[in-house]
Amino acid sequence: NKKAFIFDLDGVIVDTAKYHFLAWQKIANELDIDFTLEHNELLKGVSRVRSLDIILELGKVTASQEDKNKWLIQKNEEYLTYLVDMDQSELLPGVLTLLQYLKEKNQPIALGSASKNARPILEKTGIRHYFDAVVDGNDVTNAKPDPEVFLMAAKLLNTKPEDSIVFEDSVAGVQAANIGNMTSIGIGEASTLHEAKYIFTDFTAIDTAFIEELIKG
Ligand code: G6P
Ligand code: MG
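Residues numbered from 1 in each chain as written. Chains lettered and ligands numbered in written order. Predicted model: local features only at pLDDT ≥ 70, side-chain atom pairs only at ≥ 80, totals over all residues.

Peer 1: Would you explain the sheet that holds strand β3 (residues 133–135) in this entry?
Peer 2: Within a sheet, each strand pairs with its neighbour through backbone hydrogen bonds, oriented either parallel or antiparallel. Pairing is parallel across the open sheet formed by six strands, whose spatial order is β3-β2-β1-β4-β5-β6. Two strands lie at the open edges of the sheet, namely β3 and β6 (198–200), each paired on one side alone. Across the sheet, the mean angle from the axis of one strand to that of its neighbour is 20 degrees, orientation sign disregarded. When strand β2 (residues 109–112) meets β3, the two strands line up parallel, connected through three bridges. Its bridge partner being in β3, Ala110 is matched across the sheet by Ala133. (Pairing = 2+ DSSP bridges. Helix = DSSP H or I, 4+ residues; strand = E, 2+ residues; numbered from the N terminus. Axes fitted to C-alpha atoms, helices over the stretch in contact; angles between N-to-C directions.)

Peer 1: How do you make sense of the confidence of the model for the protein chain when you look at a structure like this?
Peer 2: Detailed reading of predicted coordinates is not advised where the pLDDT is low. Across the protein chain, the average pLDDT comes to 96, with 100% of residues at or above 70. Under the prediction, the complex receives an ipTM of 0.98, its pTM being 0.95. (pLDDT = per-residue confidence, 0-100.)

Peer 1: Could you clarify how one ought to interpret the site of ligand 1 in this entry?
Peer 2: Taken together, 18 residues are adjacent to ligand 1, and Arg48, Ala114, Ser115, Lys116 and Asn117 come closest. By residue class, the composition of the shell around ligand 1 is three nonpolar, 11 polar and four charged. (Near = placed C-beta within 6 Å. Nonpolar A, V, L, I, M, F, W, Y, C, P; charged D, E, K, R; others polar.)

Peer 1: Looking at this model, I keep getting lost on unusual backbone geometry. Mind explaining?
Peer 2: Most peptide bonds take the trans configuration, and most residues that are not glycine carry a negative phi. Between Lys144 and the following residue, Pro145, the backbone shows a cis peptide bond with an omega angle of 10 degrees. In this structure, Pro145 sits in the loop between β3 and α7 (148–156). For Asn106, which is not glycine, the phi torsion reads 60 degrees and is therefore positive. Mapped onto the fold, Asn106 is located in the loop between α5 (95–104) and β2. One non-glycine residue, Asn181, adopts positive backbone phi at about 70 degrees. When you line up the elements, Asn181 lands in the loop between α8 (171–179) and β5 (183–187).

Here it is as structure tokens:
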């Protein structure tokens, strides 16, 4: 049996969620907007443009398009400084083992990320070759929870949505997988990701028996 295994990037494959947070927090600080880790959950899986809008809404700040564009560039420049030294050591626990296992089992693998920085991150961490398809923020028009990014990935892998399995750390991403009629697997806190069909704290908590069930299922 062939399934499609679709991975989100930030917070699932690499621990970049903390870098996105730090970069946004810097912008928020400059604008005198209170921006906490709890607020940050709203931004996970959400596009850069939408993320800024959410932060401005939190602070009840209205801004010109010109200012917004400036902050979007600033945020990304700040974020990119964290990626300069990135290497394979920044892969989250258990990710590499699972990618290798799925490859051995000839299971199609795709990336489904909202990030426009996804491809360089795959290169820097040395895992690009595991992915049969990469769909990222440069390819889609609708942000998660719209399922567009995952549907495109499944299509590229020639797999039906119902035979697709999505690994996600964000509420918006879990919702996107569910709306797309895919099997959603939350990676993170059960309290945040309760809408997912299955939830694990990280990939080391997933055993091969479970993966075999998914492949068979
Ligand atoms: C992912 C992250 C978000 C980020 C978005 C856009 O979904 O979870 O925090 O804002 O990608 O990323 P980008 O690298 O294009 O700014
Ligand atoms: Mg994510």
